[in-house]
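Here are the chains, one letter per residue:
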Amino acid sequence: MATTAFSTVSGPGSGDLPPLTPDEILRYSRHLIIPDVALSGQRKLKRSRVLLIGAGGLGSPLALYLAAAGVGHLGLVDFDVVDFTNLQRQVLHGTKDVGRPKLDSAADRIRDINPNVHLERYETRLTSENALEIMRGYDVVVDGTDNFPTRYLTNDACVLLGVPNVYGSIYRFEGQASVFATENGPCYRCLFREPPPPGLVPSCAEGGVLGVLPGLIGTIQATEAIKLILGIGQTLIGRLLLVDALGMSFRTVRLKKDPSCPACGTREIRELIDYEEFCGVPQAAADAARDAEFETTPREVAARLRSGAPIELIDVREPHEWEIARIDGARLIPLASFMDALPTLDSAREIVVYCKVGARSARAVRQLRAAGFKRVKNLAGGIQRWSEDVDPTIPRY
Ligand SMILES: [Zn+2]
């Protein structure tokens, strides 16, 4: 197949490429016999510098495959610790790594896969203050994050530095991928000028994700990163790949560079802004602080129930969550149908509302208060904290 030449990742001529050792020639032999990669392509990979933002679901296949492929210099940004609930999809980490910093676990695994890779560790949250400094000097940045502030921050920093941003996102059975911030291609802001209001788009922690999906999308991102480095094939520049794992369909939609885009069009964004503010995070925190006024703890509620207080416990989670775990004596009214069920509730009675961790139930409490209910409280920490503080036989999920 013919290759399309384009200059996305520029670098010195092949004369400046590092040589391969005999061990490396053996290790990469399946690359070297592909004419489109060959010795010069492998030397390009060895010279390349790729920065991964996040060592989680997407970061796992990215780190594994880019290291195995022989990317010479891998940067990894993450400040998280391996948690039990990560293991269903974050295959970079193992059961023995639970409780360890993800960067420690990732470093061990990457060293085992390919000791030739130089790993640069950034054990920090990516912020407006450090992003340019961290990203500068990399050939490709790969975004493996799951939150809007970091996604916009990564995009804007890549546009400012002129570094391609390999984007991916996942939710339940669906994923997306593209390549943003190249010289002539669109950026993430061309597609989504503004972030959605906080809380509108559920995260994987709230809505769940099929374990193989980050494997699928992260592997696509790794493929794009390698093509950018080698300068071969047709990348996802100007196209958004939409993956539906349930229907097993892959389709792409064309993306145009938006001349009025404040990042890559008008270039009015000349420096990194406060992305938490931009994405409404402080407002969401202020709302949470206000909600705290109407909170009660699992220990308090359990003690009052034991003393015979006539408390009505309302569970606003989904039926499939109710099936996993519930508190004895509670009544299930999923949040979506909550307003319809209001007439069935007694406003004179003491009501305690709970969900998984307390966010959805805070919304329900707000609705009840607006409807004139005075004796209503939110169970802080939800059924998770009930399991931790009151009844450990209730499974956590
Ligand atoms: Zn743009």
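Our structure's up above, just so we're on the same page.
To start, this report covers the structure provided alongside it. Numbering of residues starts from 1 in each chain and follows the order in which that chain's sequence is written. Totals for whole chains, interfaces and linings use all residues, but because this is a predicted model, local features are given only for residues with pLDDT of at least 70 and pairs of side-chain atoms are given and counted only at 80 or more. Calculation of side-chain values draws on the structure's entire complement of heavy atoms; hydrogens and water are dropped beforehand.

### With respect to the packing of helix α13 (residues 298-306) against helix α17 (residues 382-389)
Note on definitions: angles span 0 to 180 degrees between N-to-C directions of axes, and those axes are lines fitted to C-alpha atoms, for helices only across the stretch in contact. Note on conventions: DSSP H or I runs of at least 4 residues are helices, E runs of at least 2 residues are strands, and numbering of each starts at the N terminus. Relative orientation of the contacting elements α13 and α17 amounts to 70°, with a least axis distance of 9 Å. As far as their axial angle goes, α17 and α13 are roughly perpendicular. Across from P298, R299, V301, A302 and L305 in α13, the residues of α17 making contact are G382, R385, W386 and D389. Its residues assigned to classes, the contact of α13 with α17 shows 5 nonpolar, 1 polar and 3 charged. Throughout, the term roughly parallel applies to angles under 35 degrees, roughly antiparallel to angles over 145, roughly perpendicular to angles from 65 to 115, and oblique to all others. Contacts are assigned to residue pairs that have any heavy atoms within 4.5 Å of one another. Only Asp, Glu, Lys and Arg are considered charged, only Ala, Val, Leu, Ile, Met, Phe, Trp, Tyr, Cys and Pro nonpolar, and every remaining residue, Gly among them, polar.

### Overview of the coordination of the zinc ion
As a rule, N, O and S atoms within 2.8 Å of a metal are its donors, except that Na, K and Ca use 3.2 Å; water is not among the atoms, so sites may look incomplete. Around the zinc ion, the protein contributes the donor atoms C187 (SG), C190 (SG), C261 (SG) and C264 (SG), at 2.3 Å from the metal centre. Geometry assignment treats four donors as tetrahedral when all angles are between 85 and 135 degrees, treats four as square planar and six as octahedral when opposite donors are over 155 degrees apart and all others between 65 and 115, and treats everything else as irregular. Around the zinc ion, the 4 donor atoms are arranged such that angles at the metal cover 92 to 124°; this shape is classified as tetrahedral. Motif for the zinc ion, donor spacing along one chain: C-x2-C-x70-C-x2-C. Of this pair, C187 sits in the loop between β6 (174-180) and α8 (188-191) while C264 sits in the loop between β8 (249-254) and α11 (275-278), placing them 77 residues apart in sequence. We call a residue buried when its accessible area falls under 20% of the maximum for its residue type, exposed when it is over 50%, and partly exposed in between, using a 1.4 Å probe and counting protein chains only. Among the residues examined, C187 registers a relative accessible area of 0% and is labelled buried.

### Brief notes about the pairing of β8
For two strands to count as paired, DSSP must find a minimum of two bridges between them. Across 6 bridges, the pairing between strand β7 (residues 239-244) and β8 is antiparallel. From the neighbouring strand, R239 faces β8, where its bridge partner is R254. A loop of 4 residues connects β7 with β8, the two strands running antiparallel in sequence, and M248 in this loop sits at a positive phi of about 45°.

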